[in-house]
Structures are given as structure tokens and as C-alpha cells.
Amino acid sequence: MFKKIIFSFLLVMGLNQIAVAQSQTVSGTITEAETGMPLPGVTVMEKGTSNGTSTDFDGNFSLDVGDDATLVLSMIGYVTQEIPVTGGDINVEMATDTEALDEVVVTALGIKRESKALTYAAQTLGSDEVTQGKNVNFAQGLNGKVAGVEIRQGTAGAGSSTKIQLRGASNITSSNQPLFVIDGIPMANYQTSDASGFYGGRDSGDGLSNINPEDIESITVLRGANAAALYGSQGANGVILINTKQGEEGKTRINISSTTKFESVYDYPDLQFRYGATDEPGADSSWGAPGDYENHVDDFFDTGITLQNAISLSGGNNRTTTYFSYANTYATGTMPTNEFNKNNLTFKQTSKFFDDKLKVTSNVLLTDQKVDNKMLNGYYFNPLLGLYTFPRGLDFDEYANNYQVLDPQRNIMTQNWPILGNSEANMNPYWILNNTPNVERTKRFIGNASIEYTISDALTLSGRGSYDFTRQIYEQKAMAGSSPVVISDNGRYVYENVESWQAYADMILTYDQQFGEDWDFHGVLGGAYQKRIIGEGISVDSQTFGLYAPNIFNIQNITGLQAFSGAQRVNSRLIKQSAFANASLGYKDMLFLDLSARNDWASTLSFTENSSYLYPSAGLTFLPSEAFELPEFISFAKLRASFAQVANEVPAFRTNPINTAAYSQVGINMELPFTELNPEMQDSWEFGADFRFLDSRINFSATYYQIDTRDQFLPMDAILGTPYQVYYVNAGHVRNYGVEITLGADVFETEDFTWNTNFNFTHNDNEIIDLNETYNGQRNRIVGGGGEGYETFIVQGGSLGDIYVNAYLRDDSGNIIVSEDGVPVNATSTDGMKLVGNANPDFMLGWNNSISFKKINLSFLIDSRFGGKFVSQTEAYLDALGATETTAAARDAGGVQVDGVLNDGTPFSGVVDARDYFSGVGGRNGIKERYVYDATNIRLRQFTLGYNFGFEEDSFVKNLNVSLVGNNLFFFYNEAPTDPDFAISTGNGTQAVTNFGPPITRNFGLNLSANF
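Residues numbered from 1 in each chain as written. Predicted model: local features only at pLDDT ≥ 70, side-chain atom pairs only at ≥ 80, totals over all residues. Heavy atoms only, no water.

> For this particular structure, what's the right way to read the overall build of the protein chain?
A count of helices and strands for the protein chain gives 11 helices and 54 strands. Computed over its C-alpha atoms, the radius of gyration of the protein chain comes to 31 Å, within 12% of the 31 Å expected for a compact globule of 1012 residues. Considered along the principal axes of its C-alpha atoms, the protein chain spans approximately 100 × 60 × 60 Å. Scored against the burial criterion, the 1012 residues of the protein chain give a buried share of 56%. Counted over contacts in the protein chain with a minimum sequence separation of 6, partners at least 24 positions apart contribute 70%. If you sum the accessible surface of the protein chain, you get close to 40700 Å²; carbon and sulfur atoms cover 54% of it. Across the protein chain, 66 positive and 117 negative side-chain charges occur, with their mean positions spaced 5 Å apart. (Helix = DSSP H or I, 4+ residues; strand = E, 2+ residues; numbered from the N terminus. Rg over C-alpha atoms; globule rule 2.2 N^0.38 Å. Buried < 20%, exposed > 50% of the residue type's maximum accessible area, 1.4 Å probe, protein only. Contact = heavy atoms within 4.5 Å. Areas by Shrake-Rupley, 256 points an atom, 1.4 Å probe, with all protein chains shown as cover. Lys, Arg positive; Asp, Glu negative; His and termini not counted. Charge placed at Lys NZ, Arg CZ, Asp CG, Glu CD.)

Rendered as C-alpha cells:
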């Protein structure tokens, strides 16, 4: 069936390309005027027809044309030329066109603007830069390439979510994720389940992980509200614009990309295999006799394989262009039994009618994704817990090969494992992988349609609509015999079937007009409608309430009605209507004024007196290079300033909390309706400068910003005696300010050799200026996600992301207080927890390079983060069990040297038994101050080395590239015991901490790309 579809599609496109009779063949070579280098990809069209071709890798072309034909040569960034055909070869030099480069920036609402007129910072990456590393989730390919962007990778492997922040975190209780937009229309990028805390949790993946990277033409990052004001409250945290590929007039293309990558574990906690199991029945520790014990960890992990195959077909004429693509991504993780399989199907068509006055575009994106045994976070159902703690000296292979044994009394298979009575549900890793499997299935449909009518040369009316639907089904089937901490005697069944959808429509009137020689005006007037429901469906978990019959996994077999508490749910619901306007005025191409305003009417403000909120923005740009005669080495100079005020999204059900149905009663809402709510407001200032030097071979951009967020939604404990437990207030003032710098250069540019290099620098400071009278002066657990000696308290005068941990108890002189046995004392109270740093880096620096020599191309990205702290709950837990090399070295030395004072002030200095010491400072609620690490890291983030094979002009194959591709190949510097970029959660809590998270991996493989 698929072959028939492809054949039919090719046939239709072939018919569309039938042109008028042709009587002569013209050939030639097109080169760049400045360097003499051949220009591949130049569009060569016969004027007045749909007949055309494009130059090959060596700049050559051949085209059959009619008598008295004229060729139109065009390429983005170069001056378009018209060349009459007079016979013989045509060799043309094309000059670069700086003005053309300024015309391809896509901004808010999909509006194209000249980059020189923008009053805010924006950075664009092309398709090659986005897909260079062949990441399963394209967002991870943005690391180190865009200033002001911080990206943390999820811990669930392929299909996991990505935590993205632009210009730091500004919201205490709501999301700090940016808005994602596909072809001008907001995209739903939500999670229905987010892993947080230390015990368990599932990362459901986000909307980004569903997108096919090969469909992306470019990505533009609008880092602040100044650039995203037209998107309203959705754009308060910045916007990332995704522009997808489409067919081109006069070109029929087939593109194939095939990648095979191998992923391997190259670092995990530094474990010891020199001391055996503790001589206690059922113990999970290794405080026993010395010996030479087998390393059972190395052989546990698999070599992961990722296969990415994609094909796209595109073409068209001057009336209709079409783009079709299919992609499959299949991956097996380094964790045994983990599999990921994703299918993407995309169809996009644009047609013109009525003398090109009417343009109709439709776009459909389909995703079918399945993940088997996605890694769960924390202790529960995590195979790494049992793997790392397995008592040394016991036969791991025996338990691996015989992870289940027959229980003759129950006649069922039960777990075979030496560790008994562990409160963290320590289980045989192979039992978890085979007998507590989880499966996640996601189906997604995104349909976009737009109609654009050109009323006159200056006036255009467009309307767009989108429907984004996702259904996700998740099941976990934990067999009887698993740890009683997490299941009943007969097993545990988890079933979720939830759907999320978003409908969006807008209508925009655009006016562009030149007034005389000096003035130009660009105006936008429009309205939008949006309806969104997230996480509506059923969620049932039998937990320890029980199943009637063992190992029968369906809802009917659940015994306890408690399992159905809140089974039918909806996470969020919103209807929003908006009106917006934008006006841009330019004077002599050197001074630009930009003004915009948007008003939203949101259903989440129902039952309040503030049913809508208005936010304005204004910006000014001045081009000294157009106004004055500057030194010759300055090719371009621009100064810009802007201000925007936006409201942040209001969470659902704040103004009218809803009751829920429990298993035997109604769950009465315990939150006081927040009817006095005011929208959270954000004031954003931005100042910047952009320069190009030496005929634009060097470019430099610098931006300073300040973002003040006020009237946040803070929860408060209700007064005793009232029927409520929680109420909300508008309070809090958080400020972000920082600097973003980009520097790029064409270091070398000759016919055979080119080298382009780019630096991205980001520095952000965050300050909690004020909370309210109740919260000021104390440590507040507002964001959650803490526990076990780790917290991210919100404190006036501090910063979002501040890390507090259990600390050594000290006297007034700073000496560590120890017990009579010399073990340091844990200051476990809230006041005793110590501020040890912040989860966010002091600054980030990315260095991206692209080098080509003849047909060889090389690229590499060095990504670095300096400063910030990272906490390892894993190391603390393993130390207490004697499983780490640190504890073995201490035993080798005869103990741990401790210097401190007793509780009465008496000095203490001596060697403390290693087991006593690490049992005291380590463990779940140990002294985490010992387990805080510098998060500074410098790594080779991405590497590619390829070769382009050239072909004859009339060859069926136009280009073939074979490349070696590598990601996260190694660290130049990293002091943390794991990858400090891992993020348990995309939320505001549980930051910069790991608890039996995945090991550090690298992947390396081969990519083949062919164009026909």
C-alpha cells in the first residue's frame, strides 16, 4: 500500500512538471563572485514557466528551454539575475546580497521581517544545524548553539522530555518552559506525567519528542517577551519558532537520510568490588571481608542501537507545491528490554488561485510512538538500585539467570533475590525488567490549514486554523512476588488512557506600504481563539490495594475501590480569546519603531473582576551604518532597545476549584477560590547591538536584559477553623538580568577550504526580591520536589534554584560537631539545612565549528557550563551500604580521619571506622553537604566528519554524503559523578540532583544522506 502511495505521488508531481515544448539545451556553472567557489542549490528557472532545475554540488546545471528563453537565477543571500539564452554555456558569478539576508527572518505569528528592523534579539538555525547530531529529540540539538538557552536532558532515554529555559526561571509555581510554534501556530508541548521526587515517577515525554527533525527547515529562537509579545501570555517565557519544509517551484526532489548509531555506557558511579557482602541475613550492604570480587555491572548494560530512516519527496510548479515525508526511528537503549519506536508521516501542500492572489496551505503531521520499559525515576521499579547495591561476593549471574523461581504453595513464579525487607523496594534488576514491564503508546495528529488573500499590493488578509490531538495509553504490569513495598500479594496494575487536545484559529490583516522614498509602514491587526484540554481521561493504579487473582492485569481484577480515587481526571482546561495589533514604522532604512499590543480574555480568570489582561510592547532600532559614513571595516551596525509587558498563564481551576469523587465519598475541595486573582505580570527590558565587520565575514551581537515578574500565584496555609487548607495570594517579585553574546566568523573562505566558527555566551542572574509578609524571612517549600536532605527552598534575597541540604552540625566557630564515636552529627532541621549553591550555571559557552576542504566536511561543537552545583543522592545511598570505591579506600586506610569537636566543645581528632562513618554521613537522609559537586563541565557535545560524492549533471543521484556522527563523546572536564545536565523533572523542583539516574553514555554512528 505504501509503495502505491509513493508511486501515485511521484506520478502526480511528474505531471505537474510538464512544461511547454522545449527546443534547446543550455548548460553552465554558477560560482560565488567573492570567492569563485561553486554554488550548489541555485534555482535556475526559465522565465515565465514552471520549467526549472538547480545546480549540483559543483555548481553545474543543465536545462532544456524554449526559443528566446531567459534564465532566472536565484538563491537566498544572493542577488537574483536574469540571463538571456544566446547559445553556448552560461557561466555566472552571483554576488552576495546583504539586503536579501535581512528578508528571511520569521518572527511572531509567522510574519517575515527584515532582521535589520527587529528591535529584539533573535537567532536562527538552519535545517543542517538542527539535524547535524541526528538526535531523536531535535531540542537536544540546540545545546550550545543558541545564546540564552539552557537545555537539560530527561533521564528516561529516547522519548523523554527536555527541560528548556530561556533567560532563566522567573516563575515560582508555574512553568518556565517556552512556547513552541509550528509554522506560525502555537503547538501543544505539555506533559501528562512528570517524574519528580526520589521514590518514583514517570516522564510521559513532551510534545517536542513527537516531531520529526528531518521535517524542520529552520528554528528561530525569540528569547524574551519583547520578541514574543504578540503571542501574549503563552510567550512570556520566550518562543521557539519551528518552520517546516515545503515543496519548491520547478524542483522535484527526493531526499533520503539513514543513520545508524551505537550508544554505550562509559561512566557510572565509582563502585568497589574489593569488599564482600555484610554477614547479615538479607542485607543489602557490602561491609564484609576483603577479596577480589566480580564486577557484575559492566556486563549488565547493552550497546544501544538507534536506527533513523527518513524519506521526503517534494516538488511543484508555479501553482502548487507539495511536500511529503515518512520517518521511522527505532532505538534500543543501554538498559536491557528498553525499546523505542516512532513513525512520522507529514504531508504539506500549498496552492495558488486567482492569479496568485489566493494561497491555500495545508499541513498534516502524524506520529505513532511506542516505548517499552521506559526508565522510571527514583528507587521504585528502578533496576539500577539493585544492580549497584548487590552484595559483593554473591553470585550475580545466578540471580540474573534465575531471577524467578516457582513458589510451590501458590504455583506462581516469584522473585529470586537475596536482599530482604528493603524499604526502597530493592529488587532483582532482571525481575524488574521482565516481570514489571511498562509500555507507553502515543498517537498524535497535528493538522494546520491557512488561507491568504492578497487584497492589494499593500493589504493581505489571512486566516489559519489548527487542531492538535494526542492520546497516550500507559500500562505497567507488576507481577506477584515483587517487593511488598510497592505491590500487593497478587501484583499491581497501572493503567492510564488520557487525551489532550488544542484547537486554535486566528485571522490577521497585514498592511505593508512605502510612503515616498523615506518612510515605510508595516501593520498587523488580528484576533485569535484557542481552546485547550490537557490530560483528560482515566488513570487507575491498584497500588497495594490488591488484585483479586494474581497476575491478571485488567481493571476488573482490582479489589480496592481506593484505586479508583480520582480515576477520571482532567489536568487543565482553557478557553482564550485574543485581539492583537502591531505597527512598525521605518525611516530611511536606518530608524525603526515597533509598537504592539495584545489583549486576552481567558476562562481561567472566570469568577474574578479581571476577565482580561492587556499587555503592550515597544521597540526602537537605529542603524548607524545607514546614517553615517563608518570605517570601511564596519559592514553593518545596529543598536536596539525594547520594552514589553506580558501576563503569564493563569493555572486552571484557581478561581473555581472543583470537587472530586473518591471511592466512597465526595472529595471536597480544600482550596479557597481565588476570586481576587490578578494576572502575574512581567516587565521585560532589552538593550542590544549587532555588528558585522570585514565585508560581513565577522558578526557580533550583544544583548543585556532585565525581566521583573510580579504578582505570582503563591499558596498559603489557611487559618485554622476555616473549611479550607490552602488559599492563594498575588505576591512575589523575581528578577532575571543578564548578558547574551554571539560571535561568528568566516575564518577562511577559499575555493577549496572554508572554516566558519561561532561562539555563544550566556550569563543570567536571578534574584527573589520579595515574597510577602508571611514568606519573607523564612525558608519555603513552595516548589516541592525535595526530601531526604535535599530542598529547593524559596527565600527572599535568594534565587530560584537555590539548593539546600542536610549539613554538618557546627559550633559557633565553624567546627564540625561529632558524636562520641567521632561520626559527624547531621543538622537535620529545616534551619540546619545549608545553602550550598544554585542549580543554574554562572555562565554557559558554546563553540560551534564547520570546516570543509574540497569534498570533506567536518563539524564539532564544544559545549560548556561553568558554575552551579549538583547533588548526588545516589552516592550518599551507596556510601552507606559500602558499595563505592570511596568506602573501600577508607577501609584500606584503616578508617576515616575526622577532626571536630564533641557536643561539649572538647576537641576530637582520630580515625573513625569506615562503616560507622559512612553509615552516619551517607544514606537516604544523610549529610548531603558531603555529596554536593561542582556542576562545571566541558564536553565534546557533537562531532561529524563527512564526504560528499559528486555526480554528473545528468545523473539520477544529485548528491551523496556519508558522515560519521557522534554525540556526547567525552568530557574535557567534569567533577560530578554523573552528567550534571540530567534533569529528573521539567518542573521547578528536583533540580540538579540525581537518584539512581541513568549512567553517562556516548553515541557514535554513520549517516548516509542522498538527494535525487
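> Please clarify how the pattern of salt bridges should be interpreted in this entry.
Charged atoms that come close allow side chains of opposite charge to pair. Under the definition given, this model contains 41 salt bridges. A salt bridge links Lys443 to Asp368; the shortest N-O distance between them is 3.4 Å. With a gap of 75 residues between them, Lys443 in strand S24 (residues 438–454) and Asp368 in strand S21 (residues 358–372) connect regions that are remote in the sequence. The class of Lys443 is partly exposed, set by a relative accessible area of 42%. (Salt bridge = Lys/Arg side-chain N within 4 Å of Asp/Glu carboxyl O.)

> How should empty space enclosed by the protein be read in this particular structure?
Unoccupied space between atoms shows up once a probe the size of one water molecule is rolled over them. Applying the stated criterion across every chain yields a total of 17 cavities of 30 Å³ or more. Of the volumes computed, that of the largest cavity is approximately 820 Å³. Those elements that place two or more of their residues in the lining of the largest cavity are strand S11 (149–154), strand S17 (253–267), strand S19 (320–332), strand S50 (937–949), strand S51 (959–974) and strand S54 (1000–1011). Looking at the lining of the largest cavity element by element, the count peaks at 4 residues for S11. (1 Å grid on protein atoms, 1.4 Å probe; cavity = no way out; pocket = protein on both sides within 12 Å on 5 of 7 lines; lining within 4 Å. Points joined across faces, edges and corners; volume = space filled by probe spheres on them.)

> Would you take a moment to explain the UniProt feature "domain: TonB-dependent receptor plug" (unreviewed entry) in the protein chain for this structure?
According to UniProt, the positions carrying the feature "domain: TonB-dependent receptor plug" (unreviewed entry) are residues 118–239. Helix makes up 7% of residues 118–239 and strand 25%, and the two end C-alpha atoms of the span are 15 Å apart. (UniProt positions renumbered as here; feature names shortened; annotations may be inferred.)

> Can you walk me through the sheet that holds strand S3 (residues 52–54) in this structure?
What holds strands together in a sheet is hydrogen bonding between their backbones, with the strands either parallel or antiparallel. Within the open sheet, the 4 strands sit side by side as S3-S2-S5-S6. Their pairing is antiparallel. Looking along the sheet, the strands with just one partner apiece sit at the ends: S3 and strand S6 (81–84). Across the sheet, the mean angle from the axis of one strand to that of its neighbour is 20°, orientation sign disregarded. Sheet topology note: the strand S2 (residues 43–46)/S3 ladder contains 3 bridges and is antiparallel. From the neighbouring strand, Val44 faces S3, where its bridge partner is Thr53. (Pairing = 2+ DSSP bridges. Axes fitted to C-alpha atoms, helices over the stretch in contact; angles between N-to-C directions.)

> Just checking my understanding: could you explain the packing of aromatic side chains for this structure?
The geometry of an aromatic ring pair comes down to the distance between the two centres and the angle between the two planes. Applying the stated criterion across every chain, the model contains 39 aromatic pairs. Aromatic side chains Tyr613 and Tyr615 sit 5.8 Å apart centroid to centroid with 45° between the ring planes, which places their arrangement in the tilted category. Taken individually, Tyr613 and Tyr615 each receive the classification buried, so the pair is uniform in this respect. For the pair Tyr917 and Phe918, a centre-to-centre distance of 5.1 Å together with 85° between the ring planes defines the contact as edge-to-face. Residue classification places Phe918 among the buried residues on the basis of a relative accessible area of 2%. Taking the ring centre of Tyr266 as reference, the NZ or CZ of Arg1002 above it sits at 3.9 Å. (Phe/Tyr/Trp six-rings, centres within 6.5 Å; stacked < 30°, edge-to-face > 60°. Lys NZ or Arg CZ within 6 Å of the ring centre and 35° of its normal.)

> When you look at the domain arrangement of the protein chain in this model, what are you seeing that I'm missing?
Accessible area lost upon the coming together of the parts serves often as the stated size of an interface. Annotation of the protein chain at the domain level lists domain 1 (2–98) and domain 2 (104–801 + 839–874 + 936–1011). Once you take the C-alpha centre of each, domain 1 and domain 2 turn out to be 40 Å apart. (Domains from an automatic or database assignment.)

> Teacher, can you tell me more about a negative patch on the surface here?
A cluster of acidic residues, Glu294, Asp298, Asp299, Asp395, Asp397 and Glu398, forms a negative patch on the protein surface. Relative to the assigned elements, Asp397 resides in helix H6 (residues 396–401). (Patch = residues over 30% accessible without salt bridge, like charges linked within 9 Å, V, L, I, M, F, W, Y side chains within 5 Å.)

> In this structure, what is going on with the sheet that holds strand S53 (residues 993–994)? I would like to understand it.
Taken together, 3 strands build an open sheet; the order of strands is S49-S46-S53 and the sheet is mixed. A strand with exactly one partner marks an edge of an open sheet, and here the two such strands are strand S49 (932–934) and S53. Pairing analysis gives 2 bridges linking strand S46 (residues 869–872) to S53, with the strands arranged parallel. Counted as the bridge partner of Ser872 is Thr994 from S53. Docked against the sheet, helix H9 (residues 873–880) engages S46, S49 and S53, running at close to 35° with respect to S46.

> Would you take a moment to explain helix H11 (residues 914–921) for this structure?
Three or more residues of H11 are buried, namely Ala914, Tyr917, Phe918 and Val921. For H11, the buried positions fall inside an angular range of 85° around the axis, keeping them on one side. Against strand S41 (807–808), H9, helix H10 (885–892), strand S47 (896–901) and strand S48 (907–912) lie the buried residues of H11. Regarding H11, its N-cap is Asp913, as a side-chain oxygen of that residue lies 3.1 Å from the backbone nitrogen of Arg915 further along. Following H11 by one or two positions, Gly923 adopts a phi angle in the positive range, close to 90°. (Arc of directions from axis to C-beta. Polar contact = N/O pair within 3.5 Å; in protein donor to acceptor, adjacent residues only side chain to side chain.)

> Help me understand the side chain of Gln682, please; the structure alone is not making it clear to me.
In this structure, Gln682 sits in strand S35 (residues 681–693). For Gln682, the contacting residues outside a window of four places in its chain are Ser170, Ala225, Ala236, Ala644, Gln645, Val646, Ile707, Asp708 and Thr709.

> Just checking my understanding: could you explain the confidence of the model for the protein chain for this structure?
Low pLDDT marks regions whose predicted coordinates should not be analysed in detail. Put simply, the protein chain has an average pLDDT of 88, and 95% of its residues get 70 or more. Ignoring residues within four places in sequence, the model shows residues 1–22, a span with pLDDT below 50, making 29 contacts including any to other chains. (pLDDT = per-residue confidence, 0-100.)

> So what exactly am I meant to see when it comes to unusual backbone geometry here?
Note: most peptide bonds trans; most residues except glycine with negative phi. You will see that Ser696, though not glycine, has its phi angle at about 65°, which is positive. Summarising the element assignment, Ser696 is placed in the loop between S35 and strand S36 (698–717). Take Ser696: its relative accessible area is 25%, and that puts it in the partly exposed class. In this model, Ala992 sits at a positive phi of 50°, which is unusual for a non-glycine residue. The exposure class assigned to Ala992 is buried, which follows from its relative accessible area of 3%.

> What exactly am I supposed to notice about the environment of Asp183 here?
Mapped onto the secondary structure, Asp183 falls in the loop between strand S13 (179–182) and strand S14 (185–187). The exposure class of Asp183 is partly exposed, given its relative accessible area of 22%. Expressed as a C-alpha distance, the spacing of Asp183 and Asn448, which sit 265 residues apart in the sequence, is 8.7 Å. In contact with Asp183, not counting residues within four places along its chain, are Ile242, Asn243, Thr244, Lys348, Asn363 and Arg464.

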